[in-house]
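# Structural characterization, general
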Amino acid sequence: MICASLAESCPLTISTMKPSKAFRDTITFCSGIILLGCLIQAAGWMRDDRLVFPDVVEILRAFFHLLGERQTYLKIGVTLRHLVEVMAVSALAGIAIGLAEGLSSTVRTLLKPAMILLRSIPMIVMVVIIMVLTRYDRVPLIASSLFVIPIISEASAEGCRSIEPELIDVYRLNSGFNLQVLIHVHLPLIAGYLRQAYANAVGMGLKLVVTTEYLVQTKNSLGKAVYSSSYFNEYQEIYAYALIMIALVLLVGALPFLCAGLKRLLSGSVLPPADSESGR
């Protein structure tokens, strides 16, 4: 109750603390970007090879040049479409598999070898096998999904196993496990695990999508653009495309947290609600 009273009496202090922390995090993040640029610059000096390690100024010039071209956004759109398809398929399959593993130890033991195989098999081997079995335009979706599914399924299973047994007993008094129980009980309780898995899966998914696009030469994609830049020894463009991919990962990865924050703002709950004990 004392904490709740302090929060109500000093809202300005709390609101000013959060921006200051966000400002420090932003400065630290920008410092990390500057550090990466310095490492690239130092590598060019050590190797004395400005072809592979161009100046940071050249990389930034190529980056802004690519952002000014319409063709760049077409390539980003193709890669983003593949990424959205991969995340949708992986989320549906991963959540279903994870819930099955979390609810049944038999299913978890049965699927454990398959999950170990997907996590340990080299990506190039999987891509080559899929290239033989299906059309090239399907390879980015199938190959990337197979590697992302274990990330989401493991988080779903862990979240399901961490649910308090008392909460499970509550719905069992009224009905068995069904779709309504899944939507209103299990998914909200494992939402934190899924958000963290999503943040990890987005970065992994984009890397896999671009790599498979590179291998199968997907038309008008970032993977094809990287291949063309390497073929013509335009290494500054390769680094520029890497910056674009980093920006895409940051934007797409932050969507769940931005949506959660927007939802709290719209509901008016800027401060976290006090628990039942502190409110007494």
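Just so we're clear, the structure is a prediction, and the values are computed from it rather than from any experiment.

## Considerations on the side chain of lysine 75
- Checked against the element boundaries, lysine 75 lands in helix H4 (residues 70-103).
- Here the side chain of lysine 75 touches tyrosine 241 through a polar contact of 3.4 Å, side chain to side chain.
- Apart from residues no more than four positions distant in its own chain, lysine 75 is found in contact with Asn220, Ser221, Leu222, Ala225 and Tyr241.

## Details of the pattern of salt bridges
- Applying the stated criterion to the full structure yields 4 salt bridges.
- Residue aspartate 137 is joined to arginine 135 by a salt bridge in which the shortest nitrogen-to-oxygen separation is 3.2 Å.

## Quick notes on the nonpolar core
- Core analysis: the biggest nonpolar cluster contains 42 residues, and Val139, Val148, Leu222, Tyr241, Ile244 and Met245 have the highest contact counts within it.
- Elements with a minimum of two residues in this core: helix H3 (56-67), H4, helix H5 (105-120), helix H6 (123-133), helix H7 (139-161), helix H10 (191-216), helix H11 (222-231) and helix H12 (235-253).
- Per-element accounting of this core gives the leading share, 8 residues, to H10.
- Beyond its immediate sequence surroundings of up to four residues, valine 148 is in contact with Val86, Met87, Ser90, Ala201, Gly205 and Leu208.

## Brief notes about the confidence of the model for the protein
- A residue-level look at the protein finds 78% of positions with pLDDT of 70 or above and a mean pLDDT of 80.
- Element-level mean pLDDT values for the protein span from 41 in helix H1 (residues 2-9) up to 93 in H4.
- Below pLDDT 50 for its whole length, residues 1-18 participates in 7 contacts with residues either more than four positions away or in separate chains.
- Across residues 269-280, confidence stays below pLDDT 50; counting only partners more than four residues off in sequence or on other chains, it has 8 contacts.

## Here's the deal with a nonpolar patch on the surface
- A grouping of Ile124, Val125, Val128, Ile129, Val132, Leu133, Tyr214, Leu215, Tyr227, Tyr231 and Phe232 is seen on the molecular surface, where their side chains present a nonpolar patch of about 1100 Å² in accessible area.
- Elements represented by at least two residues in the nonpolar patch include exactly H6, H10 and H11.
- Here the nonpolar patch takes 6 residues from H6, the largest share from any one element.

## Things to note about the side chain of glutamate 101
- If you trace the backbone, glutamate 101 turns up in helix H4.
- The side chain of glutamate 101 sits in the buried core without any salt bridge; arginine 161 is the nearest counter-charge, 5.8 Å away.
- If we skip the residues at most four places from it in the chain, glutamate 101 touches Val107, Arg108, Leu111, Met115, Ser153, Ala157 and Arg161.

## A word on the packing of aromatic side chains
- On inspection of all chains with the given rule, the structure shows 4 aromatic pairs.
- With 5.2 Å between their ring centres and 70° between their planes, phenylalanine 63 and phenylalanine 64 make a pair best called edge-to-face.
- Owing to a relative accessible area of 56%, phenylalanine 64 belongs among the exposed residues under this scheme.
- Aromatic pair tyrosine 231 and phenylalanine 232: ring centres 5.1 Å apart, planes at 85°, arrangement edge-to-face.
- Here tyrosine 231 falls in the exposed class, since its relative accessible area comes to 59%.
- A network of ring pairs unites the aromatic residues Tyr214, Tyr227, Tyr231 and Phe232 as a single cluster.

Scoring rules and cut-offs
- Each residue is numbered by its place in its chain's sequence as written, counting from 1.
- Owing to the predicted nature of the model, reporting of local features is limited to residues with pLDDT of at least 70; listing and counting of side-chain atom pairs is limited to 80 or more, with chain, interface and lining totals taken over all residues.
- Note that the side-chain values use all heavy atoms of the structure and ignore hydrogens as well as water.
- Secondary structure elements follow DSSP: runs of H or I no shorter than four residues count as helices, runs of E no shorter than two count as strands, and numbering proceeds from the N terminus.
- Pairs of N or O atoms within 3.5 Å make up the polar contacts considered here, provided that, within protein, one atom can donate a hydrogen while the other can accept it, and that residues adjacent in sequence are counted only when both atoms are side-chain atoms.
- When checking whether two residues touch, look at their non-hydrogen atoms; a contact exists if any pair is within 4.5 Å.
- Any Lys or Arg side-chain nitrogen found within 4 Å of a carboxyl oxygen on Asp or Glu counts as a salt bridge.
- In plain words, nonpolar cores are sets of buried Ala, Val, Leu, Ile, Met, Phe, Trp, Tyr and Cys residues tied together by side-chain atoms within 4.5 Å.
- For the exposure calls, accessible area comes from a 1.4 Å probe over protein chains only, and a residue counts as buried if that area is under 20% of its type's maximum, exposed if over 50%, partly exposed in between.
- Note on scores: pLDDT gives the predictor's confidence for each residue, bounded by 0 and 100.
- Exposure above 30% relative accessible area and the absence of a salt bridge qualify a residue for a patch, where like charges join within 9 Å and nonpolar side chains (Val, Leu, Ile, Met, Phe, Trp, Tyr) within 5 Å.
- Computed with the Shrake-Rupley method and a 1.4 Å probe, the accessible areas treat only the protein chains shown as cover for residues.
- Within this scheme the basic residues Lys and Arg register as positive and the acidic residues Asp and Glu register as negative, but His and the chain ends are omitted.
- Any pair of Phe, Tyr and Trp rings, taking the six-membered ring for Trp, is counted once the centres come within 6.5 Å. Such a pair is stacked with planes under 30 degrees apart, edge-to-face with planes over 60 apart, and tilted for the rest.

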